[in-house]
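These are the residues of each chain, in order.
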Amino acid sequence: MTTSTLATAVGGPALPQERRLVTSIPGPRSQALLARKADAVAAGVGHTAPISAVAAGGGVVVDADGNSLIDLGSGIAVTTVGNAHPKVVEAVQAQVAAFTHTCFMVSPYESYVAVAEALNRLIPGDHAKKSALFNSGAEAVENAVKIARKHTGRQAVVAFDHGYHGRTNLTMALTAKSMPYKSGFGPFAPEVYRAPLSYPYRDGLSGAEAAKRAISQIEKQIGADNLAAVIIEPIQGEGGFIVPADGFLPAIVDWCRSNGVVFIADEVQTGFGRTGAMFASEHFGIVPDLITTAKGIAAGLPLAAVTGRAEIMDASHAGGLGGTYGGNPIACAAALAAIDVFENDDLISRAREIGDLIKGRFTELQAGDARIGDVRGLGAMIAVEFVNAETGEPDAALTAAVAKAAIAQGVIVLTCGTYGNVIRFLPPLSIDDALLAEGLGVVADALAAA
Ligand SMILES: Cc1ncc(COP(=O)(O)O)c(C=O)c1O
């Protein structure tokens, strides 16, 4: 795919694919919105880029002052197919004009069933599968745990160090990091236990060793007989894009299978082409019992899903799963259009190309800059972990400074990591090579200047 075709074929043809700063960031109109936000919106709802967004497409976000920023975050891995992708816009417009809502639990409609069929086809494994649709990643995770408990008749759930699963009560309990996600919001849901992860850069363990450590802790502290589910992101997202060592995930899956424990892969962030496979589980050769998806599934419309083995998914009595808006017809129309783009526009290969560009750039820099401790990730989900050059300790201050400077120069980047010392790159797959290279250059300059 050439640069020019990407820019015109995908998302916002009226938006020039360029970084353009006509004011400082934030400009006056953005400042005015942020002042209103401070007055009207709860303080707990933060923001990364201090702008007032008015348009987005291809690889840019345009603000109310006329600045055009390079988008290396996709609204946290959501607009993977491109913001306002023409096929998605067309499908959404047609659906809005037909009907906006009936509630699938009241009057079912075809698009919900078609999304479930598509998920059942795309999710790894050739066993019989079923799906249920929800609104957000956290809601999908909550429901996956409900389903696993009902199926097994057991209560305990194991999540991992560095894991992130959402901001509802149960998903806060599953999430590892206190600030900002949990602090002061307890008490948390009971029967949630935490196991050590495989974090090759920091623990130096092989996948087998890390799995043995986790399994031994689970057996000693909980006991397989009490355990309904193990939930893990195949690549930790908010935790720092931690790719587990080879063999870690397969060993955990095998142990779950031998002990009647439901293995849930939380692919809310890693799913839908992001990692250069439709689902990250494929990279590790694992077939989860249940997979949660959201974010990239519907190109920005709120939709989430739990998909898995039919006999597990069918454990719940009728009426036990669902919700007023889950699988809303507009979101389903968007998802079907996005899935069509994933399957027909070879976006999976594009994710790999983008990942190679980002990894290549920072691996090159790493050779001459000891503050870059690790460059890791798969496909278009790449992270750089920053450390103190002398001690190797996480350097959150440097990370925040680099991200802030990049945003001020018109490049939207996100940070993450348990220690706050990771910059993560999640560009829309509709970004062109030149724009991506320019954005990475801005981040590299910010690092050089920091
Ligand atoms: C792995 C993972 N699970 C769950 C969630 C929660 O999703 P949502 O914010 O849609 O509730 C996220 C969000 O970042 C996530 O990355």
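Look above for the structure.
Because the structure is predicted, anything quoted here is derived from the model rather than measured. Numbering of residues starts from 1 in each chain and follows the order in which that chain's sequence is written. In view of the model being predicted, local features appear only for residues whose pLDDT reaches at least 70, and side-chain atom pairs are presented and counted only at 80 or more, with totals across whole chains, interfaces and linings using the full set of residues. Side-chain numbers here rest on the full set of heavy atoms in the structure, without hydrogens or water.

Participant: Could you clarify how one ought to interpret the nonpolar core in this entry?
Facilitator: Proteins that are soluble and globular tend to have nonpolar side chains buried together. Think of a nonpolar core as a cluster: buried Ala, Val, Leu, Ile, Met, Phe, Trp, Tyr and Cys residues, connected wherever their side-chain atoms sit within 4.5 Å. The rule is simple: take the accessible area with a 1.4 Å probe, protein chains only, and divide by the maximum for that residue type; under 20% is buried, over 50% is exposed, in between is partly exposed. By size, the foremost hydrophobic cluster in this structure holds 129 residues, and its most contacted members are F160, F248, I252, F263 and F425. Bear in mind that the domain bounds are from an automatic or database domain assignment. Composition of this core by domain shows at least three residues from each of domain 1 (3-71 + 346-449) and domain 2 (88-344). Setting aside anything within four residues of it in sequence, one finds I252 in contact with F160, A211, A214, I215, V230 and F263. Among the nonpolar cores identified, the runner-up in size contains 8 residues, and I25, I51, A56 and I412 belong to it. By the convention used here, residues are in contact when the closest approach between their heavy atoms is within 4.5 Å.

Participant: What should I look at first to understand the site of the ligand in this one?
Facilitator: The ligand sits among S136, G137, A138, Y164, H165, G166, E233, E238, D266, V268, Q269 and K295. Pairs of N or O atoms are called polar contacts if they sit within 3.5 Å, as long as, within protein, a hydrogen donor faces a hydrogen acceptor (for residues adjacent in sequence, only side-chain-to-side-chain pairs). Between an oxygen atom of the ligand and a main-chain N or O atom of G137, the distance comes to 2.8 Å. Here an oxygen atom of the ligand sits 2.8 Å away from a polar atom, N or O, in the main chain of A138. Every accessible area reported is derived by Shrake-Rupley at a probe size of 1.4 Å, with residue values counting cover from the shown protein chains alone. Considering the ligand on its own, with 390 Å² of exposed area, one finds that the protein chains cover 84% of that surface. Under the convention adopted here, Pro, Cys and the residues Ala, Val, Leu, Ile, Met, Phe, Trp and Tyr are nonpolar, Asp, Glu, Lys and Arg are charged, and Gly plus all remaining residues are polar. Across the shell around the ligand, the residue classes tally to 3 nonpolar, 5 polar and 4 charged. One heavy atom within 4 Å of a molecule or strand is enough for the residue carrying it to be called near that molecule or strand.

Participant: Mind showing me how you'd approach the packing of helix α14 (residues 396-408) against helix α15 (residues 433-449) here?
Facilitator: Helix axes are fitted only over the stretch in contact, all axes being lines through C-alpha atoms; the angle between N-to-C directions runs from 0 to 180 degrees. Helix and strand assignments come from DSSP, with helices taken as H or I runs of at least 4 residues and strands as E runs of at least 2, each series counted from the N terminus. Between α14 and α15, whose axes approach to 9 Å, the crossing angle comes to 130°. The angle between α14 and α15 falls in the class oblique. Taken as a pair, α14 and α15 cross one another with a handedness that is right-handed. The residues of α15 that touch α14, namely those facing L398, V402, A405 and A406, are V442, V443, A446 and L447. Here roughly perpendicular refers to angles of 65 to 115 degrees, roughly parallel to angles under 35, roughly antiparallel to angles over 145, and oblique to all remaining angles. Whether a crossing is left-handed or right-handed is set by the direction in which the near helix is turned from the far one by less than a right angle, anticlockwise for left-handed and clockwise for right-handed.

Participant: I tried to follow the pairing of strand β10 (residues 304-309) on my own but got confused; where do I start?
Facilitator: It is a general feature of regular strands that their side chains alternate between the two faces of the sheet. Counting buried positions over the 6 residues of β10 gives 6, a clear majority of the element. Whether two strands pair depends on DSSP finding at least two bridges between them. Relative to β10, strand β4 (residues 129-134) is paired through 6 bridges, and the arrangement is antiparallel. Considered in β10, the bridge of A132 is made with V306. Where strand β9 (residues 290-293) lies against β10, 4 bridges are found, and the strand directions are antiparallel. The partner of I291 across the bridge, within β10, is T307.

Participant: Before we go on, may I ask you to explain the packing of aromatic side chains in this structure?
Facilitator: How two aromatic rings sit relative to each other is set out by the distance from centre to centre and by the angle between their planes. The pairing test for Phe, Tyr and Trp rings, Trp by its six-membered ring, is centres within 6.5 Å, and the orientation test on the planes gives stacked under 30 degrees, edge-to-face over 60, and tilted for anything in between. Scanning all chains against the criterion turns up 8 aromatic pairs. For the pair F104 and Y109, a centre-to-centre distance of 5.4 Å together with 80° between the ring planes defines the contact as edge-to-face. Y109 sits in the buried class, given a relative accessible area of 9%. The interplanar angle of 45° and the centroid separation of 5.8 Å between the aromatic rings of F272 and F342 together place this pair among those described as tilted. Placement of F272 in the loop between β8 (262-266) and β9 and of F342 in helix α12 (residues 329-344) is noted, with a sequence separation of 70 residues between them. Here the two residues F272 and F342 agree in accessibility, since each one is buried. Site record: aromatic cluster; members linked through ring pairs are F99, F104, Y109 and Y112.

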